[in-house]
Amino acid sequence: MGATVRHATTVLVIPLLLATAACATAAARAEPGGPPAPAVSYWTGQEEVMDAAGRVDEIGPKRWPDQYAGVATDFPGRAMTVYRVPGGDIDADVRALAGGVTVRFVDAMVPATTINRWLDRVRADTDWWAERGVIVWSVWPQFGDCVGLGVDRPAEQSAEVIGHYPDMRVCVEQGYEAVPLTAD
């Protein structure tokens, strides 16, 4: 019985020792600990533009709900474009938030708060549209202008879609099914 116990112990312990040795070897080859590598920029000042645009986009809808319409980045130009409804004086405040990033302003017709409300409404209707034969592939904000709707047959369906939302600005365009990217 003693030989059987020793044999069973050997059968159980050897795989554990091999696994431990493999982990120790992998750990020895690993880089030493420390902070993660910094983000890689493709454009000079990219992080600065992203940070400035993030600040403006976070503060804009709260501070200027009737004027702020959105922000877009231009990394090669080290700039951002801010969409705003004319009539108020947000330009100086936005430039202060932007720091050293160049700011371009584009006049808009509709503030982001309104377009976001419209987006929620259209997104809630996608199943309703599918029941009526209108496939909504995508919905997005067009800064300061309208809710973009990508449908399967815009030439035939745009009048019906626009007519369903008489109190909103809707831009109907050709939509496409999203094809997921794979790792293969």
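These remarks concern the structure in this document.

Overview of helix 4 (residues 112-124)
Three or four residues apart is the spacing at which side chains of an α-helix point the same way, because the helix has 3.6 residues per turn. Under the 1.5 Å per step criterion, the end-to-end length of helix 4 is 18 Å for 13 residues, consistent within 8% with the ideal 18 Å. Inspection of helix 4 places Ala112, Thr114, Ile115, Trp118, Leu119 and Val122 among the buried residues, and these make up the whole buried set. Down the axis, helix 4 shows its buried residues gathered within 150° of arc, on one side only. Among the exposed residues of helix 4, those pointing more than 90 degrees away from its buried face are Arg117, Asp120 and Ala124. Where helix 4 is buried, its residues contact strand 1 (68-74), helix 5 (126-131), strand 4 (136-142) and strand 5 (146-151).

Let's talk about the sheet that holds strand 6 (residues 170-174)
In a beta sheet, neighbouring strands are held together by backbone hydrogen bonds and run either parallel or antiparallel to one another. The mixed open sheet is built from 3 strands, whose spatial order is 4-5-6. The open sheet is flanked by strand 4 and strand 6, the only strands paired with a single partner. Across this sheet, the average inter-strand angle for adjacent strands is 25°, counted without regard to direction. Lying over the sheet, helix 4 contacts strand 4 and strand 5, oriented at roughly 170° with respect to strand 4. Here helix 6 (residues 154-164) sits on the sheet and contacts strand 5 and strand 6; the angle it forms with strand 6, its principal contact strand, is near 165°.

Quick notes on the nonpolar core
Ranked by size, the top nonpolar core spans 18 residues in total, and within it Val56, Tyr68, Met80, Val82, Val94 and Val103 carry the most contacts. Of the residues forming this core, the biggest block, 4 residues, is contributed by helix 2 (residues 46-63). Once you skip the residues sitting within four places of it in the chain, valine 82 turns out to touch Val56, Tyr68, Gly70, Val71, Val94, Val103, Arg104, Phe105 and Val106. Listed in part, the 17 residues of the second largest apolar core include Val122, Val136, Leu149 and Val170.

Calculation notes
- Residues numbered from 1 in each chain as written.
- Predicted model: local features only at pLDDT ≥ 70, side-chain atom pairs only at ≥ 80, totals over all residues.
- Heavy atoms only, no water.
- Helix = DSSP H or I, 4+ residues; strand = E, 2+ residues; numbered from the N terminus.
- Expected span 1.5 Å × (residues − 1).
- Buried < 20%, exposed > 50% of the residue type's maximum accessible area, 1.4 Å probe, protein only.
- Arc of directions from axis to C-beta.
- Contact = heavy atoms within 4.5 Å.
- Pairing = 2+ DSSP bridges.
- Axes fitted to C-alpha atoms, helices over the stretch in contact; angles between N-to-C directions.
- Core = buried A, V, L, I, M, F, W, Y, C linked by side-chain atoms within 4.5 Å.

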